[in-house]
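# Architecture at a glance
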Amino acid sequence: MEKIILTGDRPTGKLHLGHYVGSLKQRVELQNKGDFKEMYVMIADAQALTDNADNPEKIRENIIEVALDYLSVGLDPSKITIFIQSAVPELTEFTFYYMNLVTLSRLERNPTVKSEINQKGFETSLPMGFLTYPVSQTSDITAFKANIVPVGDDQLPMLEQSREIVRSFNNIYGEVLVEPKAMLSNNEVCKRLPGTDGKAKMSKSIGNCIYLSDSKEEVERKVMSMYTDPNHIKVEDPGNTKDNPVFIYLEAFVTDEHFKKYLPEYQNLNELKTHYEKGGLGDMKVKRFLANVLNTELEPIRQRRKEYEGKIKEVYQILEEGSKKAQSKAAETLKEAKAAMKINYFEDEALINSHIAKYREEA
Ligand code: ATP
Ligand code: MG
């Protein structure tokens, strides 16, 4: 099956290490392998408004930040389509029809939505648009007939919801839509990178992030104040590496090359972990190493970002052209879907003729 890939990010802040290992890296690899028919990357501004309706300035300011982050990690607009969600109104139209194919209780059961409602304090005043954002996400995916969606594991319930809507649509109206599959990182810790505070997910809204655009000094500062094992008080104490974000980040980023360059007394992460678990290895030493590893990975990204920061007009052009291209594809699918739903009256000559005949007979 030819791959059509769609994925995206909410312009609620700059992109962080979680986005990078959870999704961006896979996108760039897929893009560079060229093993796909079409690839779309969406800046989900309409979705971001579902929990930021009172703060449009935040969304507006972060569109360019996300676009710069995309270009700086190596997404290439000559190979893929980068677009803005609200510039494709067909997506909203899809959502209106899909809402009929999902129940309120089904949406309320979605575990990601549930925990985000909690996190945002929406328990007593839940914006309708926020509750239905998994439906709108289904539109984003299906409008492009995407079959592969590279995401972090917080998005699995969304993909499940999308598949259900697709099955329901195809059952009722005929086979128009394609069931999407999530594509997760192969590295277990990258599926949901924890925050620098040790909380379960690095997330823009929580503010426990290391951003791709953070300066070298900022990365050092954030790493040095990271949460580690609270019981590892003295250097000689045995330490826990399992729930320790410093080791989790190393698991996500470190290579044996990094050891050779910055910490040659160890060959690899296993040796380092064993020492920490046994006792006798201080947090500061591991943190300094992690800061070096992250800065090595982030430096080329920062460099590329600088280049694009000098070409903002061009970046907006990339977004505008991508949005036009995305719109024309979404319009094609919408036309097909509306025909299947029998709401394409003016294009259906047979319908008009049958009504002419019906009233002629009656007359
Ligand atoms: P917000 O707090 O506004 O929801 P976010 O940090 O969760 O922001 P999103 O824009 O919602 O970021 O997520 C974009 C993509 O990045 C999704 O595919 C999501 O699964 C992935 N992602 C986000 N955070 C992480 C993380 N910590 N680890 C792995 N993947 C992540
Ligand atoms: Mg999110």
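See the structure above.
Residues numbered from 1 in each chain as written. Chains lettered and ligands numbered in written order. Predicted model: local features only at pLDDT ≥ 70, side-chain atom pairs only at ≥ 80, totals over all residues. Heavy atoms only, no water.

### Structural notes on the pattern of salt bridges
Applying the stated criterion across every chain yields a total of 29 salt bridges. One salt bridge connects glutamate 188 with lysine 191, and the closest N-O pair in it is separated by 3.0 Å. For glutamate 188, a relative accessible area of 57% puts it in the exposed group. Relative accessible area serves as the criterion here: at 18%, lysine 191 is assigned to the buried category. Linking glutamate 299 and arginine 302 is a salt bridge whose minimum nitrogen-to-oxygen distance equals 2.7 Å. In this pair, glutamate 299 and arginine 302 both sit in helix α14 (residues 283–309), 3 residues apart, roughly one turn of the helix. For glutamate 299, a relative accessible area of 31% puts it in the partly exposed group. Accessibility expressed as a relative area gives 12% for arginine 302, which makes it buried. Residues joined by salt bridges that share partners form a network here, namely Glu65, Asp69, Arg305 and Glu309. (Salt bridge = Lys/Arg side-chain N within 4 Å of Asp/Glu carboxyl O. Buried < 20%, exposed > 50% of the residue type's maximum accessible area, 1.4 Å probe, protein only. Helix = DSSP H or I, 4+ residues; strand = E, 2+ residues; numbered from the N terminus.)

### Here's the deal with the site of ligand 1
The local shell around ligand 1 holds 21 residues, among which Thr12, His19, Asp154, Lys201 and Ser205 are the closest. Between ligand 1 and the protein, one listed contact pairs a nitrogen atom with a backbone N or O atom of leucine 193 at 2.9 Å. Taking serine 203, its side chain carries an N or O atom lying 2.8 Å from an oxygen atom of ligand 1. Taking 600 Å² as the accessible area of ligand 1 by itself, protein coverage stands at 97%. Secondary structure elements with two or more residues in the shell around ligand 1: β1 (4–9) and α1 (17–33). The dominant element in the shell around ligand 1, judged by the number of residues it contributes, is α1, at 3 residues. (Near = heavy atom within 4 Å. Polar contact = N/O pair within 3.5 Å; in protein donor to acceptor, adjacent residues only side chain to side chain. Areas by Shrake-Rupley, 256 points an atom, 1.4 Å probe, with all protein chains shown as cover.)

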